[in-house]
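Fold and contact review
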Amino acid sequence: MRVFDEPTWRALAAAHRARVSAWTGPHRERRRRGEAHPVMDFLFTYYSLRPARLEQWDPGFGVALRGGEERPGYVRDADAVRLDPAALPARLTGTAEFVRALLEATASRAPRLGCFGLHEWAMVYRTDAPRHGAVPLRLGAAGTDAVVESLPVHCTHHDAYRFFTAAAAPRNAVTPTRDAQVAHEQPGCLHATMDLYKWAYKLSPATPSDLLADCFALAVDVRGLDMRASPYDLADLGYPPVRIETAAGRAEYARAQAAFAERAAPLRRRLVEVCDQLIPAPTPHRS
């Protein structure tokens, strides 16, 4: 058990808050102005963690905080508080078991780098109501449809696939479902990589905040590629297109996808370790 005195852990908490405020601050300002952002809003709407909770610092297991206040999941030992598995909600055990199984299965597979971000194109295929209706399509509706029809669509992520238009869904090589999520997810998938942030906060407060912030930072960068490779024209917002309708653009996308898969791997391992701390050890059988 490491013991942090109050000046030490308060400095760590302030540093964490300053780090994530680079994202939460602008989000709050946009919300105050009633201004939508087609790239960044996703990280605060599809992912449901409140900005204030993202800014809150947790040390994870094995750390005692002198002068700390008791809050859910923490117990007091003399003049310090620490996170205690026994004080956490029982539901976290089930969450940890699912997350561990999913992350281990994902890590066991080779990255698939041939989807080229077509999931975003499939979400606007043959529809008059694209998800980001205020943002123009780079190639127009007909040009966007032609790209979907010219390339194989192979999305393995259920929560991306479920937003495909009715016309696009049959074009996908697989039919990912929630029940088959563990069987389908693979480390090249941008959405599976962004979801590391979701699993990090689903395991909170057991997830150390440096890991939570690392997962969020990765999700921010991956979301940027996700939308740069989309059919939308976001250049005016600072997102130059990755033109996956060309061979050069597809190669650029695959290189970035591989780099994100490599960057995600150690975060996935660290989240598995958090899960292991939340899952009770099996009781030895006595004959």
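Relevant structure appears above.
Bear in mind that the values here come from a model prediction, so they are computed numbers and not experimental data. (Residues numbered from 1 in each chain as written. Predicted model: local features only at pLDDT ≥ 70, side-chain atom pairs only at ≥ 80, totals over all residues. Heavy atoms only, no water.)

Turning our eyes to something else, we now look at the nonpolar core. By size, the foremost hydrophobic cluster in this structure holds 80 residues, and its most contacted members are Leu43, Tyr197, Ile244, Tyr253 and Leu278. Here the element with the most residues in this core is helix H10 (residues 209–228); it accounts for twelve residues. Setting aside residues up to four positions removed in sequence, leucine 278 forms contacts with Phe61, Leu88, Leu92, Thr93, Ala96, Leu203 and Ala206. (Core = buried A, V, L, I, M, F, W, Y, C linked by side-chain atoms within 4.5 Å. Buried < 20%, exposed > 50% of the residue type's maximum accessible area, 1.4 Å probe, protein only. Helix = DSSP H or I, 4+ residues; strand = E, 2+ residues; numbered from the N terminus. Contact = heavy atoms within 4.5 Å.)

Relative to the assigned elements, serine 209 resides in helix H10. Within the structure, serine 209 has its side chain in polar contact with the backbone nitrogen of aspartate 58 (distance 2.7 Å). Filtering out sequence-adjacent residues up to four positions away, serine 209 remains in contact with His16, Gln56, Trp57 and Asp58. (Polar contact = N/O pair within 3.5 Å; in protein donor to acceptor, adjacent residues only side chain to side chain.)

Next up on the list: helix H6 (residues 140–150). Three or more residues of H6 are buried, namely Thr144, Asp145, Val147 and Val148. Each buried residue of H6 sits inside an arc of 155 degrees when the element is viewed along its axis, so together they form one side. Structural note: H6 exposes Ala142 and Ser150 on the side pointing more than 90 degrees away from its buried face. In this fold, the buried residues of H6 make contact with helix H5 (118–122). (Arc of directions from axis to C-beta.)

Scanning all chains against the criterion turns up eleven aromatic pairs. On the basis of an interplanar angle of 80 degrees and a centroid distance of 5.7 Å, the ring pair of tyrosine 47 and tyrosine 197 is categorised as edge-to-face. Of this pair, tyrosine 47 sits in the loop between helix H2 (42–45) and helix H3 (51–55) while tyrosine 197 sits in helix H9 (residues 190–202), and the two are 150 residues apart along the sequence. On the basis of relative accessible area, tyrosine 47 is assigned to the buried category, the value being 0%. Ring geometry for tyrosine 197 against phenylalanine 216: centres 4.9 Å apart, planes inclined by 70 degrees, an arrangement best described as edge-to-face. Taken together, the positions of tyrosine 197 in helix H9 and phenylalanine 216 in helix H10 put the pair 19 residues apart, joining distant regions of the chain. Here tyrosine 197 and phenylalanine 216 have matching classes, each one buried. (Phe/Tyr/Trp six-rings, centres within 6.5 Å; stacked < 30°, edge-to-face > 60°.)

Right, let's get into the pairing of strand E2 (residues 63–66). One ladder, built from three bridges, connects strand E1 (residues 2–4) with E2; its direction is parallel. For phenylalanine 4, the partnering residue across the bridge sits in E2 and is leucine 65. By the bridge criterion, three bridges tie E2 to strand E4 (residues 80–83) in an arrangement that is antiparallel. Bridge assignment links arginine 66 to a residue of E4, and that residue is alanine 80. (Pairing = 2+ DSSP bridges.)

What follows concerns the packing of helix H4 (residues 91–107) against helix H11 (residues 247–278). Two packed helices can be described by the angle between their axes and the distance between those axes. Two numbers describe how H4 lies on H11: the axes approach to 9 Å, and their chain directions differ by 150 degrees. The way H4 lies across H11 gives a crossing that is left-handed. Where H4 abuts H11, its residues Leu92, Thr93, Ala96, Val99, Arg100, Leu103, Glu104, Thr106 and Ala107 lie against Arg268, Leu271, Val272, Cys275, Asp276 and Leu278. (Axes fitted to C-alpha atoms, helices over the stretch in contact; angles between N-to-C directions. Left-handed = near helix turned anticlockwise from the far one by under 90°.)

Before going further, it helps to examine the state of the cysteines. Summed over the entire model, instances satisfying the criterion amount to zero disulfides. A disulfide-free cysteine, cysteine 115 has its sulfur positioned 6.7 Å from the sulfur of cysteine 189, the nearest such atom. A disulfide-free cysteine, cysteine 189 has its sulfur positioned 6.0 Å from the sulfur of cysteine 155, the nearest such atom. Look at cysteine 189 and you get buried, because its relative accessible area is 9%. (Disulfide = S-S within 2.5 Å.)

Let's shift gears to the pairing of strand E3 (residues 74–77). With four bridges joining them, E3 and E4 adopt antiparallel strand pairing. In the strand pairing of E4, arginine 76 is matched with valine 81. Between E3 and E4, which follow one another and run antiparallel, lie two residues, and alanine 78 among them has a positive phi close to 55 degrees.

Right, let's talk about H9 for a bit. One full turn of an α-helix is made of 3.6 residues, so residues set three or four places apart face in the same direction. With 13 residues, H9 should cover 18 Å at 1.5 Å per step; its first-to-last C-alpha distance of 19 Å lies within 8% of that length. Considering bend angle alone, the principal kink of H9 is centred on leucine 196 and spans about 25 degrees. With respect to burial, H9 is a largely interior element, twelve of its 13 residues being buried. By the burial criterion, the buried members of H9 are Leu190, His191, Ala192, Thr193, Met194, Asp195, Leu196, Tyr197, Lys198, Trp199, Ala200 and Tyr201. (Expected span 1.5 Å × (residues − 1). Bend = angle between axes of the 7 residues up to and from the residue.)

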